[in-house]
Amino acid sequence: MSRARRYEDADQVQVFDVLGRETLSFSVGDAIEHLLVDRSGHIWVGHFDENPDGIRRWSATGRLAWTSDGAGIPGLFDCYALNVSGTAAWAYPYTDFPLVEIRPDRPVRVWANRVRGAKAVAVHGERVTFYGGYREERDRLAHGELTETSVEPTDVGLLTLPNGSAPGRRRVVSRGSRIYVQAEPFTEWGVFDLSS
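Right, let's walk through the structure included here. Since the structure is predicted, the reported quantities are computational estimates derived from the model, not experimental observations.

A word on the pattern of salt bridges. Per the stated rule, a full pass over the model turns up eight salt bridges. The partner of Arg56 in a salt bridge is Asp53, and the shortest N-O contact between them spans 3.4 Å. Exposure remark for Arg56: the relative accessible area of 9% places this residue in the buried category. Look at Asp53 and you get partly exposed, because its relative accessible area is 25%. Note that Glu152 is salt-bridged to Arg114, the shortest N-O span being 3.9 Å. With a gap of 38 residues between them, Glu152 in strand S14 (residues 151–158) and Arg114 in the loop between strand S10 (109–111) and strand S11 (120–124) connect regions that are remote in the sequence.

Shown next as C-alpha cells:
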C-alpha cells in the first residue's frame, strides 16, 4: 500500500522464506510512489510529495541504509520516476527534474535536464529516455545523451502499443535500459528497451 495511515498496520514490505512463510515485515514510510529491489536485495523507495523523505534505500531486514537527506539533489519534492539497475538507482525528481544517479559507494551525480513530467526513465551507457509528460505529452519518448553536466535532447517520439494505439491508462516501471508498460485492462506488459 502506498499510504501508511495512523493507527493502521503500515508494514508495506513482507519477506518470505522458500516455503512461502512470512519471516519479516516492516514499514518503509508513507506516500510511496516507487518501490524497487536491487540486485543485492536492498529496497529503493521513492516518495511522492506528501512525504518529505524523498528517496531512501533499505536493507532486506528493514534497516535504513541510505537517505537523500543532504545528498545535494536539487528540487527533490516528489520522485516522479525511479529506475533500479544492479545496485544503483536513477531518479527523476520534481520540481527541477534533474537526472540523478545514486550508487551506494559514490557521491550522487546530478545532470540538469529540460524534460518535464515523465513517469519513467531508461538509461543505457550515455543514452537516456524519459517516458511520459504532461497533457498531450503523456505518451512521449524523449531521448537524450548524457554530457558532463546535463542531459542533451536528441530526439522525441511517441510510444504506441503493438496495434498502433496509444497506451491510455497504464502502469510503468523502469529497470536499467527498459521501461515496462502495462496498459488497461492491466493483463500484459509491453517493453521499450533503449539498448535494442
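From this point on, the discussion continues.
Here we take up the sheet that holds S11. Spatially, four strands are ordered S11-S12-S13-S14 in an open sheet, and the strand pairing comes out antiparallel. Across the chains shown, the open sheet's two edge strands, defined by having one partner strand only, are S11 and S14. Mean inter-strand twist for the sheet, computed between neighbouring axes without regard to direction, equals 20°. Note: strand S13 (residues 140–146) against S14, seven bridges, orientation antiparallel.

Right, let's talk about the sheet that holds strand S6 (residues 64–67) for a bit. If you walk across this open sheet you meet the four strands as S3-S4-S5-S6, and the pairing is antiparallel. Here the strands that pair on one side only, and so sit at the sheet edges, are strand S3 (32–37) and S6. Neighbour-to-neighbour, the strand axes of the sheet open up by a mean angle of 20°, direction not taken into account.

About the cut-offs
Residues numbered from 1 in each chain as written. Predicted model: local features only at pLDDT ≥ 70, side-chain atom pairs only at ≥ 80, totals over all residues. Heavy atoms only, no water. Salt bridge = Lys/Arg side-chain N within 4 Å of Asp/Glu carboxyl O. Buried < 20%, exposed > 50% of the residue type's maximum accessible area, 1.4 Å probe, protein only. Helix = DSSP H or I, 4+ residues; strand = E, 2+ residues; numbered from the N terminus. Pairing = 2+ DSSP bridges. Axes fitted to C-alpha atoms, helices over the stretch in contact; angles between N-to-C directions.

Function cannot be read off these values alone, since they describe shape.
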